Amino acid sequence: MKLILLGAAGSGKGTLAKKITQDFGIPQISTGDILREIAKSGTELGEKVGSFQKQGILVPDEITFEVLKQRLKQKDCKNGYILDGYPRTLNQAKMLDKFTKVDVVIKVDLPFDELERRLVSRRQCAKCGDIDNINYPGYTGKCRKCGEKLFQRNDDKPEAIKVRLEAYKNNITPLVSFYGDKVFNVSSVGSPDETYAPVKAFLKKLEAKN
Ligand SMILES: [Zn+2]
């Protein structure tokens, strides 16, 4: 199964992707994570990517797509994958469509004021990349997985968040019409498990058909 997860930053799509990975055995591919890794790699491409991210602007499509294509050709993607955070724009969707056809597009919805609230309180581990939130019970400022200190990403600061949410708003409508009846809508207002339940049922049905 080749899946796309659409949803604004903070919508909970990363958490949803992890649950799908566990149950269906396909990897979660986050272009954000791949790009962040490259930004730290010290290569020329990495420096380019890093400078865009520092300004809170999106990395150009051609660069992102090259990086993504390399990733999708790896062995663990042979039975499918979940694209988390890609495509963000109609242009990216068209590029991807020429490379491969996806089966389902899951769109995760959450009101914008709630998205903003979740994003400013988000923190990430510099070492293992794990995401936490200062509003979650038991938050200590240290990573729950590896103990490293957590930090606020530049793109989770209020000004950058506004830029990201505006971009999302402008791009989502053309994406939804591009994918048409492949789109499956789910609201993430409830808990992660409540969000996942209808998605799991839908994917199980789809899996049984194939
Ligand atoms: Zn960690």
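Look a little higher up for the structure.
So, here's what we can say about the structure. In this text the structure is predicted, and so the values were computed from the model without any measurement. (Residues numbered from 1 in each chain as written. Predicted model: local features only at pLDDT ≥ 70, side-chain atom pairs only at ≥ 80, totals over all residues.)

Some remarks on the overall build of the protein chain
In terms of regular secondary structure, the protein chain is built from eight helices and eight strands. Relative to the globule expectation of 17 Å for 210 residues, the C-alpha radius of gyration of the protein chain, 17 Å, shows essentially globular dimensions. The dimensions of the protein chain, computed from C-alpha atoms along their principal axes, are 45 × 40 × 35 Å. Considering the protein chain as a whole, with its 210 residues, one finds that 28% of them fall into the buried category. A separation of at least 24 residues holds for 69% of the contacts in the protein chain among residues at least 6 apart in sequence. (Helix = DSSP H or I, 4+ residues; strand = E, 2+ residues; numbered from the N terminus. Rg over C-alpha atoms; globule rule 2.2 N^0.38 Å. Buried ≥ 20, exposed ≤ 12 C-beta atoms within 10 Å, placed from the backbone. Contact = placed C-beta atoms within 7 Å.)

Some details on the sheet that holds strand 6 (residues 131–133)
If you trace the three strands from one edge of the open sheet to the other, you get 6-5-7, paired in antiparallel fashion. Bordering the open sheet on either side are strand 6 and strand 7 (150–151), each of which pairs with just one other strand. Summarising the sheet, strand 5 (residues 122–125) and strand 7 pair through two bridges and their orientation is antiparallel. What sits directly across from Cys125, in strand 7, is Leu150. (Pairing = 2+ DSSP bridges.)

Notes on the packing of helix 2 (residues 31–39) against helix 4 (residues 61–72)
Two quantities define a packed helix pair, namely the angle between the axes and the distance from one axis to the other. Where helix 2 contacts helix 4, the two axes come as close as 10 Å, and the packing angle between them is 100 degrees. Taken as axis vectors, helix 2 and helix 4 run roughly perpendicular relative to one another. From helix 2, Thr31, Ile34, Leu35 and Ile38 reach across to helix 4, where they touch Thr64, Val67, Leu68 and Arg71. (Axes fitted to C-alpha atoms, helices over the stretch in contact; angles between N-to-C directions. Parallel < 35°, antiparallel > 145°, perpendicular 65-115°, else oblique.)

What to know about the sheet that holds strand 1 (residues 2–6)
Pairing in this open sheet of five strands is parallel, and the strands run 2-3-1-4-8 from one edge to the other. With one partner strand each, in any of the chains shown, strand 2 (28–30) and strand 8 (183–187) form the two edges of the open sheet. Within the sheet, the average angular offset between the axes of one strand and its neighbour, ignoring direction, is 25 degrees. In terms of strand pairing, strand 1 meets strand 4 (residues 104–109) through four bridges, oriented parallel. Each bridged residue has a counterpart across the sheet, and for Leu5 the counterpart in strand 4 is Ile106.

Looking at helix 1 (residues 13–24)
In a regular helix each residue adds 1.5 Å, so 12 residues correspond to 16 Å; helix 1 covers 16 Å between its end C-alpha atoms and thus fits that length. Buried residues of helix 1: Lys13, Leu16, Ala17 and Ile20, and no others. Projection of helix 1 onto a plane perpendicular to its axis shows the buried side chains occupying an angular sector of 100 degrees, all on one side. Buried residues in helix 1 make contact with strand 1, strand 2, strand 3 (81–84), strand 4 and helix 8 (192–209). With its phi angle positive at about 65 degrees, Gly25 sits one or two positions after the end of helix 1. (Expected span 1.5 Å × (residues − 1). Arc of directions from axis to C-beta.)

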